[in-house]
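# Residue-level structural notes
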Amino acid sequence: MTKKNIINSIMPIIEGMEVAARTVESTFGPNGGLVLYENRDKTVDSNPFYLTRDGATVLDQLELNSPCNIGIKIIKQMVKDLKEDVGDGSTTLTLLTYNLLREVNKYIVAGYDPILISKELKRLSYEICNNLERMSYPLKTYSDLFIMAMGACKSKELAEIVCIAIEYKGQNGIILIEETKSTYIEMEKLEGYTLDRGYIHEMFITDKYQSECYLEHPYVFITNYTLSSQAAIPQIISKVEKKDHLLIISPEIERVALFECAKKIEQGYKICAIKNPSFAQKNATHRLLNESEDIAIYTGATSIMRETGRTLGKITLADFGQADKIVIRKNNTLIINGYGDPQAIQQRMKSLQYQSKFDKNDFDREMADKRFLRLNNNIIFIKVGGYTDHEVIQKKRLINDAIASCQAALKNGIVPGAGLSYIYASKNIDGFLKTPINRIMQYLFHTIIKKMDNGSSDTLWSTIRKDASDRYSHMYTSYDILTSIIEGKATNFTVIDPTLVCKRIVEMAFGCVEEIIKSQYIILEGA
């Protein structure tokens, strides 16, 4: 049995978070510095060291051989969740969480009840997020979109590409990023089908950073059988060659079948499995409403269904559909250029259009409209090239962050950037935690501005403090002053942040500290 270390304190968490915060602080803001780190995987690239200003990349490299490593692990998990949710803000989240936990711990040491502090944090988190929401205004102009992209990717060239891609994709389109062997970046517009189902296990991931599975010219197999036996997966895979990629869509894949998938992946097969969106009722009149049949029509597959009497042992290669490319993420799947009959696809789209207009049931009309849009999606491919593998990886990460920021801004609006929104949102809060929280928000602001110009921070801060009685009286004045400072310095600096990202950072940081301060013991793996 492994020996355990039991620690009656949360100090290792605070000390670990301090290491993370001090390391990523140097990258904070659009004018943040670079961090040098060692290349751990020389099989991909022989370079001994890399440079980055991406906070998430820096955190990936951090690891301590001490109990303090638990603090770094907590931050890493939070950043991972944040990136999956809104895609940006890892450094701000790290700094806010550490500083908030450090300040709150002072009250616990002074004798305050952790449960009381936890309730106060929950109340203040809700109030600050509401203030951010009231402060928000819609992103309307291309200029604002460009500023948002520029602040995230710190490159005029990349920002222009991101803005063009977002315009091309339209309201229901999707943007994908992939590597290319060229030294430049190109863009391609394709058509595809999207469904709200992702891979059922992380072993299918082929791109670890983006947590995606890429299948090139894959076969598609669709069934309403539960894959529960050891023979089910081999029966399906035996119909394609080892070099072929395969997507399996089934209502349920049990552990035995998943184990067979794992064995096939170890043998070199490129496969992925997802759950099908829905299978129709046995009533024949509902069959046309089946979203899985939409996929079958789009890819040219034949669904293997119990109702038809066909079994997995009788399938042939002709039952498999195909597509140019399939990208499977955690929560959705994109099928690009399916090989289905164009006339059959058009007929299905006409049927869905008719249903969305004339069906008597509101829910069925809404679903038909969604299914029509899924069959008629724009998919924009941004193909990223560079002189080294590391350059390509860094460009992909910057573009990915910029797209996430812009989409969040388009969805939920924008607030003044550079930490201003946090200052205004917490300006008039009340309670015994008001002073430390205001101090933390001011620290975030000063940390960003001082990297741009030592005098700018004092100039803008004096304006913000002129009227402490009105929460928003100088918000736009400050915004204008900040803009003029930035334009005067001709720097690539964003003065806007996505409201959704700011709210999520506050919710996650306050929520994490709420839980940590209620912990009395830490149990770690011992030597």
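Basis of the calculations
- Residues numbered from 1 in each chain as written.
- Predicted model: local features only at pLDDT ≥ 70, side-chain atom pairs only at ≥ 80, totals over all residues.
- Heavy atoms only, no water.
- Helix = DSSP H or I, 4+ residues; strand = E, 2+ residues; numbered from the N terminus.
- Contact = heavy atoms within 4.5 Å.
- Areas by Shrake-Rupley, 256 points an atom, 1.4 Å probe, with all protein chains shown as cover.
- Axes fitted to C-alpha atoms, helices over the stretch in contact; angles between N-to-C directions.
- Parallel < 35°, antiparallel > 145°, perpendicular 65-115°, else oblique.
- Nonpolar A, V, L, I, M, F, W, Y, C, P; charged D, E, K, R; others polar.
- Expected span 1.5 Å × (residues − 1).
- Buried < 20%, exposed > 50% of the residue type's maximum accessible area, 1.4 Å probe, protein only.
- Patch = residues over 30% accessible without salt bridge, like charges linked within 9 Å, V, L, I, M, F, W, Y side chains within 5 Å.
- Salt bridge = Lys/Arg side-chain N within 4 Å of Asp/Glu carboxyl O.
- Phe/Tyr/Trp six-rings, centres within 6.5 Å; stacked < 30°, edge-to-face > 60°.
- Core = buried A, V, L, I, M, F, W, Y, C linked by side-chain atoms within 4.5 Å.
- Left-handed = near helix turned anticlockwise from the far one by under 90°.
- pLDDT = per-residue confidence, 0-100.
- Pairing = 2+ DSSP bridges.

## So, the overall build of the protein chain
Helices and strands together make up the secondary structure of the protein chain, namely 18 helices and 15 strands. Across the protein chain, contacts joining residues at least 24 apart in sequence account for 77% of those joining residues at least 6 apart. Roughly 24,800 Å² of accessible area belongs to the protein chain as shown, and the carbon and sulfur atoms make up 50% of that amount.

## Overview of the packing of helix α5 (residues 114-135) against helix α18 (residues 499-517)
Relative orientation of the contacting elements α5 and α18 amounts to 180 degrees, with a least axis distance of 9 Å. For the element pair α5 / α18, the angle class is roughly antiparallel. Residues Pro114, Ile117, Ser118, Leu121, Lys122, Leu124, Ser125, Ile128, Cys129, Leu132 and Glu133 of α5 form the contact with α18, whose own contacting residues are Thr499, Cys502, Lys503, Val506, Glu507, Phe510, Val513, Glu514 and Ile517. Across the contact of α5 with α18, the residue classes break down as 12 nonpolar, three polar and five charged.

## Description of helix α1 (residues 11-25)
Over its 15 residues, α1 runs 20 Å from end to end, which matches the ideal 21 Å to within 8%, given 1.5 Å per residue. Inspection of α1 places Pro12, Ile13, Ile14, Gly16, Met17, Ala20, Ala21, Val24 and Glu25 among the buried residues, and these make up the whole buried set.

## Let's talk about a nonpolar patch on the surface
Taken together, the side chains of Leu34, Leu36, Phe49 and Leu51 present a nonpolar region at the surface, about 410 Å² in accessible area. Along the chain, leucine 51 turns up in strand β3 (residues 49-52). Note on leucine 51: relative accessible area 46%, which makes it partly exposed.

## Here's the deal with the environment of valine 415
By the secondary structure assignment, valine 415 is in strand β13 (residues 414-416). Separated by 281 residues in sequence, valine 415 and arginine 134 place their C-alpha atoms 9.6 Å apart.

## Some details on the side chain of threonine 194
Within the secondary structure, threonine 194 sits in strand β5 (residues 186-195). A relative accessible area of 11% places threonine 194 in the buried class. Ignoring anything within four residues of it in the chain, the contact list for threonine 194 reads Ile174, Thr333, Leu334, Arg374 and Asn377.

## As for the packing of aromatic side chains
The final tally for this structure, using the stated rule, is six aromatic pairs. Ring plane angle 80 degrees and centroid distance 5.2 Å describe the contact between tyrosine 107 and tyrosine 112, whose orientation is recorded as edge-to-face. A centroid spacing of 5.9 Å and a plane angle of 35 degrees characterise the contact between tyrosine 193 and tyrosine 298, whose relative ring orientation is tilted. A residue pair is termed long-range when its members are at least 10 positions apart, and tyrosine 193 in strand β5 and tyrosine 298 in helix α10 (residues 291-299) qualify at 105 residues. The buried category is assigned to tyrosine 193, whose relative accessible area is 0%. By relative accessible area, tyrosine 298 is classed as buried at 6%. Three or more aromatic residues joined by ring pairs form one cluster here, namely Tyr107, Tyr112 and Phe432.

## Some thoughts on the nonpolar core
The biggest cluster of nonpolar side chains holds 64 residues, and the ones touching the most others in it are Leu101, Leu121, Ile128 and Ile437. Considering every element that reaches this core, the biggest residue donor is α18, with 11 residues. Judged by nonpolar contacts, the second largest core, of 49 residues, contains Leu227, Ala232, Tyr298 and Phe320.

## Brief notes about the pattern of salt bridges
Within the structure shown, the criterion is met by 20 salt bridges. Notably, a salt bridge pairs arginine 123 with glutamate 120, separated by 2.7 Å at the nearest N-O pair. One end of the pair is arginine 123 and the other is glutamate 120, both in helix α5 and three residues apart, which spans about a single turn. What makes glutamate 120 buried here is its relative accessible area of 13%.

## Re the packing of helix α3 (residues 69-85) against helix α4 (residues 90-109)
Where α3 meets α4, the axes come as close as 10 Å, and the angle between the chain directions of the two elements is 140 degrees. It follows from the interaxial angle that α3 and α4 lie oblique. Viewed along their axes, α3 and α4 form a crossing whose handedness is right-handed. Contact residues: Ile75, Met78, Val79 and Leu82 in α3; Ser90, Leu93, Thr94 and Thr97 in α4. Classifying every residue of the contact of α3 with α4 by side-chain character gives five nonpolar, three polar and no charged.

## Observations regarding unusual backbone geometry
Positive phi, close to 45 degrees, is recorded for histidine 217, a residue that is not glycine. Tracing the chain through its elements places histidine 217 in the loop between β6 (213-216) and β7 (219-222). Non-glycine residue asparagine 337 carries a positive phi angle of around 55 degrees. Structurally, asparagine 337 can be placed in strand β11 (residues 333-338).

## Focus: the side chain of aspartate 244
Tracing the backbone through its elements, the reader meets aspartate 244 in the loop between α8 (232-237) and β8 (245-250). Those residues within four positions of aspartate 244 in sequence are excluded, and the remaining contacts are Tyr219 and Lys270.

## A look at α4
Under the 1.5 Å per step criterion, the end-to-end length of α4 is 29 Å for 20 residues, consistent within 8% with the ideal 28 Å. For α4, a buried count of 16 out of 20 residues is recorded, marking the element as mostly surrounded by other parts of the structure. Looking one or two residues past α4, glycine 111 carries a phi angle of roughly 110 degrees, positive in sign.

## Concerning the confidence of the model for the protein chain
Residues with a pLDDT of 70 or more make up 84% of the protein chain, whose mean pLDDT is 78. Low confidence marks residues 279-289, where pLDDT is under 50. Its contacts with residues over four positions away, or in another chain, come to 17 contacts. Segment residues 465-494 is flagged for pLDDT under 50; beyond a separation of four residues in sequence, or across chains, it makes 69 contacts in the model.

## Re the pairing of strand β10 (residues 321-328)
Counting buried positions along β10 yields six of eight residues, so the element is predominantly enclosed. In this sheet, β10 lies alongside β6 in antiparallel orientation, the contact comprising four bridges. If you follow leucine 215 over to β10, its bridge partner there is isoleucine 326. Sheet topology places β7 next to β10; two bridges connect them, and they run antiparallel. Considered in β10, the bridge of tyrosine 219 is made with glutamine 322. Bridge analysis of β10 against β11 gives five bridges, and the strand direction is antiparallel.

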